[in-house]
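Overview (structure and organization)
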Amino acid sequence: MNAWRKQLAIVPAYNEAATISMVIENLRTHVPGFDVVVVDDGSTDATAAVAERCGARVLRLPFNVGIGGAVQAGFKYALEQGYDYCVQCDGDGQHDPAHIARLQEAMAADPGLDMVVGSRFLTRDYRYPAPVSRRTGIHIFASICSRIIRQRISDPTSGFRLCNRRAIALFARDYPHDYPEVEAVLMLHWHRLKMHEVPVQMHERGGGASSISGSGKSAYYMIKVLLAIFIGLFRQHRVIEPGDEAPVAAS
């Protein structure tokens with residue numbers, strides 16, 4: 001994680017005017033070497049205006065495409081602008097930029113890592129408030145992902161992640177849209193990239209509303225993610241090995 005390398009913080013935000021300035025300020029304080037891009041996912045409040053006043057680069061999507069589409073827009077921006085590393089930090093204040101250093105240390109310690117994920121379930125003083133139904137769903141996803149990739153995964157729904165250039169290129173090209181974090185972990189595995197988890201603390205959202213709040217939405221979330229995992233098991237994930245024929249060649 002040499003200082004001369006280009007580093008970017010991607011902040012997806014939908015109606016986060018109440019918290020976005022705090023998130024940007026904390027990023028400036030704790031990772032001053034990172035550029036900040038806020039992906040405004042069709043907000044109907046002053047999210048974009050506040051982010052611009054705070055000095056962040058703002059990508060304004062013309063309408064709300066969902067968290068997956070917003071994050072992929074950030075990855076596309078990172079790839080096109082030549083960033084070597086990017087960290088995803090939500091605009092609602094749940095992710096603590098002070099812990100980005102832990103993600104960096106883990107990646108620096110193992111050059112083979114492509115993504116480092118901050119897990120709220122590995123810290124000893126776990127205090128992340130969430131309904132029982134949501135915690136149960138997370139543990140179910142963790143168990144399924146761990147079995148599929150044959151590596152212990154404790155927090156597959158965490159969106160607090162540091163990616164290198166290989167992961168940036170993968171997610172810029174293809175990224176799940178509805179509830180993407182779990183599928184992104186599996187995508188990384190299917191494309192033979194490597195990930196690792198480190199303990200972090202997460203906070204209650206500082207404003208706005210969760211897209212999966214409420215028992216009905218939580219149940220829908222669980223069913224849809226489980227279905228996506230099931231379908232993903234039968235999808236063909238083409239990975240080109242050294243010596244293979246190119247997928248496209250001139251005649």
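Residues numbered from 1 in each chain as written. Predicted model: local features only at pLDDT ≥ 70, side-chain atom pairs only at ≥ 80, totals over all residues. Heavy atoms only, no water.

Topic: the packing of aromatic side chains
According to the stated counting rule, one finds four aromatic pairs in the structure shown. Taking 5.8 Å as the distance between ring centres and 50° as the angle between the ring planes, the aromatic pair formed by Phe75 and Tyr175 counts as tilted. Of this pair, Phe75 sits in helix H3 (residues 67-80) while Tyr175 sits in the loop between helix H6 (165-173) and helix H7 (180-190); the two residues are 100 residues apart in sequence, bridging distant segments of the chain. We classify Tyr175 as buried; its relative accessible area is 3%. Through pairs of rings, three or more aromatic residues link up here, namely Phe75, Phe171 and Tyr175. Stacked on the ring of Tyr83, the Lys or Arg Lys6 has its end atom at 4.6 Å from the ring centre. Directly above the ring of Phe171 sits Arg161, whose terminal nitrogen or CZ lies 5.9 Å from the centroid. (Phe/Tyr/Trp six-rings, centres within 6.5 Å; stacked < 30°, edge-to-face > 60°. Helix = DSSP H or I, 4+ residues; strand = E, 2+ residues; numbered from the N terminus. Buried < 20%, exposed > 50% of the residue type's maximum accessible area, 1.4 Å probe, protein only. Lys NZ or Arg CZ within 6 Å of the ring centre and 35° of its normal.)

Some points on the sheet that holds strand S5 (residues 115-119)
One open sheet holds the seven strands; their spatial order is S3-S2-S1-S4-S6-S5-S7, and the pairing between them is mixed. If you trace the sheet from one side to the other, it starts and ends with strand S3 (57-60) and strand S7 (195-199), each paired once. When the angles between neighbouring strand axes are averaged without regard to direction, this sheet yields 20°. Pairing of strand S4 (residues 85-88) with strand S6 (residues 161-164), which is carried by four bridges, proceeds in the antiparallel orientation. Each residue of the ladder has a partner; that of Cys86, found in S6, is Cys163. The strands that H3 touches are strand S1 (7-13), strand S2 (35-40), S3, S4 and S6; relative to S1, the one it contacts most, it runs at about 160°. (Pairing = 2+ DSSP bridges. Axes fitted to C-alpha atoms, helices over the stretch in contact; angles between N-to-C directions. Contact = heavy atoms within 4.5 Å.)

Looking at the nonpolar core
Proteins that are soluble and globular tend to have nonpolar side chains buried together. Core analysis: the biggest nonpolar cluster contains 39 residues, and Leu8, Phe75, Cys163, Phe171 and Leu188 have the highest contact counts within it. Counting residues per element, the ones that place at least two in this core are S1, S2, H3, S5, helix H5 (132-149), H6, H7 and helix H8 (215-234). It is H7 that provides the largest number of residues to this core, a total of seven residues. Apart from the residues lying within four places of it in its own chain, the contact partners of Phe171 are Gln72, Phe75, Met115, Cys163, Ala184, Met187 and Leu188. Core analysis: the second largest hydrophobic core is formed by 30 residues, Ala9, Val38, Leu113 and Val116 among them. (Core = buried A, V, L, I, M, F, W, Y, C linked by side-chain atoms within 4.5 Å.)

Comments concerning helix H4 (residues 100-109)
For H4, the complete set of buried residues consists of Ile100, Leu103, Gln104, Ala106 and Met107. End-on, the buried residues of H4 take up no more than an arc of 160°, which puts them together on one face. Exposed residues lying more than 90 degrees from the buried face of H4 are Glu105 and Ala109. Against S1, helix H1 (20-30), S4, S5, S6 and S7 lie the buried residues of H4. (Arc of directions from axis to C-beta.)

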